Amino acid sequence: MTAHAAVPDHDDLLTAVVETLGAELLPQVSGRGRYLLKACIAALETVRRDLTAGPERRQVDQAVFAELGVPDERALVAEIRAGLAPERFAQVVAALGRRTDVELRVLGRT
């Protein structure tokens, strides 16, 4: 949260919850409770990432699906499961590479 922000945004709130769970509660828990708390922290981090990347992901997805001539991810998955010709496989891999670039950027790994 920026120093001048009067109201925290969703990213600020999720960050505070994740940090509190990890720093304050996690050290006090063991066994199954520790495992479950770690799973909850990971889920909250995923939600934060998805909220932040949502608009860019949707834009990239629409472009990728349009380029591949499919309406959505479900249709693409069905096509892949049915088997792809080598040329189509190469096209799908190249298009999904752009989608992966967005994911890596969102995760801060590029």
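Residues numbered from 1 in each chain as written. Predicted model: local features only at pLDDT ≥ 70, side-chain atom pairs only at ≥ 80, totals over all residues. Heavy atoms only, no water.

Draft legend 1. Representation of the side chain of arginine 99 in the model. Mapped onto the fold, arginine 99 is located in helix α4 (residues 86-106). Residue class for arginine 99 comes out buried when judged on its relative accessible area of 19%. (Helix = DSSP H or I, 4+ residues; strand = E, 2+ residues; numbered from the N terminus. Buried < 20%, exposed > 50% of the residue type's maximum accessible area, 1.4 Å probe, protein only.)

Draft legend 2. Inspection of the confidence of the model for the chain at higher detail. A residue-level look at the chain finds 91% of positions with pLDDT of 70 or above and a mean pLDDT of 88. Per-element confidence in the chain is highest for helix α3 (residues 73-82), whose mean pLDDT is 95, and lowest for α4, whose mean pLDDT is 87. (pLDDT = per-residue confidence, 0-100.)

Draft legend 3. Expanded view of the pattern of salt bridges. Applying the stated criterion across every chain, the model contains five salt bridges. Across the pair aspartate 61 and arginine 99 runs a salt bridge whose closest N-O atoms are separated by 2.5 Å. Residue aspartate 61 is found in helix α2 (residues 31-68), and its partner arginine 99 is found in helix α4; the two are separated by 38 residues along the sequence. Pair check on accessibility: aspartate 61 and arginine 99 agree, each one buried. (Salt bridge = Lys/Arg side-chain N within 4 Å of Asp/Glu carboxyl O.)

Draft legend 4. Up close: α2. Between the first and last C-alpha of α2 there are merely 47 Å, a value that for 38 residues lags more than 12% behind the 56 Å anticipated at 1.5 Å per step. Maximal helix bending in α2 amounts to about 60°, located at glycine 54; proline proline 55 follows within four positions. Of the residues making up α2, those classed as buried are Leu37, Ile41, Ala53, Gly54, Arg57, Val60, Asp61, Val64, Phe65 and Leu68. Positive phi appears at glycine 69, one or two residues downstream of α2, with a value of about 75°. (Expected span 1.5 Å × (residues − 1). Bend = angle between axes of the 7 residues up to and from the residue.)

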